Amino acid sequence: NVPFRKIEDSYYVPARQIAALAEADIRWDEAQRAVTMKSSAIDVSYPVSSEVNGDVLLMSGTSWIRLDVIQEQFTELTWAVNERGLQLHFKKEVE
């Protein structure tokens, strides 16, 4: 289970949780106000939104990223919400 927030019909999880699952490096770009994730397969930046249901929200010093947005880049990511909470899974390709 991972921490999550539901805002309207969207689910958000801490960006660090996604980066850890994807084995990606993560950093905060203060000048651009964006979260950047980089791995051997991806290099993407997500700017923080001021909208209530934006792609990335900054709350209490944590970057929360909307799951459907991150899933566009990390297609190996699947998730489910049930009575135990929110579970994330990252399918790794076998080489």
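I'd love a proper account of the packing of aromatic side chains, names of residues and values included.
According to the stated counting rule, one finds three aromatic pairs in the structure shown. Between Phe 4 and Tyr 11, the ring centres sit 5.8 Å apart and the planes meet at 50°, which makes this aromatic pair tilted. For Tyr 11, a relative accessible area of 17% corresponds to the buried category. Pairing Tyr 11 with Trp 79 gives two aromatic rings, centres 5.4 Å apart and planes at 55°, and the pair type is tilted. Placement of Tyr 11 in strand 2 (residues 10–14) and of Trp 79 in strand 8 (residues 77–82) is noted, with a sequence separation of 68 residues between them. Relative accessible area serves as the criterion here: at 29%, Trp 79 is assigned to the partly exposed category. Over the ring of Trp 64 we find Arg 5; its NZ or CZ atom is 4.6 Å from the centre of that ring.

Provide a residue-level description of the sheet that holds strand 4 (residues 34–38), including the pertinent values.
By definition, the strands of a sheet pair up through backbone hydrogen bonds, in either a parallel or an antiparallel sense. The strand order 3-4-5 describes an open sheet built from three strands, whose pairing is antiparallel. Edge positions in the open sheet fall to strand 3 (25–29) and strand 5 (43–47), since each of these has one partner strand only. In this sheet, adjacent strand axes meet at a mean angle of 20° when their direction is disregarded. Pairing geometry for strand 4 and strand 5, over five bridges, is antiparallel. For Ala 34, the partnering residue across the bridge sits in strand 5 and is Pro 47. Contacting strand 3 and strand 4, helix 1 (residues 15–22) runs over the sheet at an angle of about 10° to strand 4.

The rules we used
- Numbers given for residues are sequential positions, taken from 1 along each chain in its written order.
- Reporting in this predicted model follows two pLDDT cut-offs: at least 70 for local features of residues, and 80 or more for side-chain atom pairs to be given and counted; totals over whole chains, interfaces and linings ignore these cut-offs and use all residues.
- Side-chain metrics in this entry use all non-hydrogen atoms of the structure; hydrogen atoms and water are not considered.
- Any Phe, Tyr or Trp ring, taking Trp's six-membered ring, that has another such ring centre within 6.5 Å forms a pair; planes under 30 degrees apart are called stacked, those over 60 apart edge-to-face, and the others tilted.
- Three labels apply to residues, based on accessible area from a 1.4 Å probe with only protein chains included: buried if under 20% of the type maximum, exposed if over 50%, partly exposed otherwise in between.
- Comment: elements are numbered from the N terminus, with helices defined as DSSP H or I runs of at least four residues and strands as E runs of at least two.
- Note on criteria: charge over ring means Lys NZ or Arg CZ within 6 Å of the ring centre, with the direction from the centre no more than 35 degrees off the ring normal.
- For two strands to count as paired, DSSP must find a minimum of two bridges between them.
- Helix axes are fitted only over the stretch in contact, all axes being lines through C-alpha atoms; the angle between N-to-C directions runs from 0 to 180 degrees.
- Note on definitions: a residue-residue contact is assigned when non-hydrogen atoms from the two residues lie within 4.5 Å.

Purely geometric stuff here, so don't read any function into it on its own.
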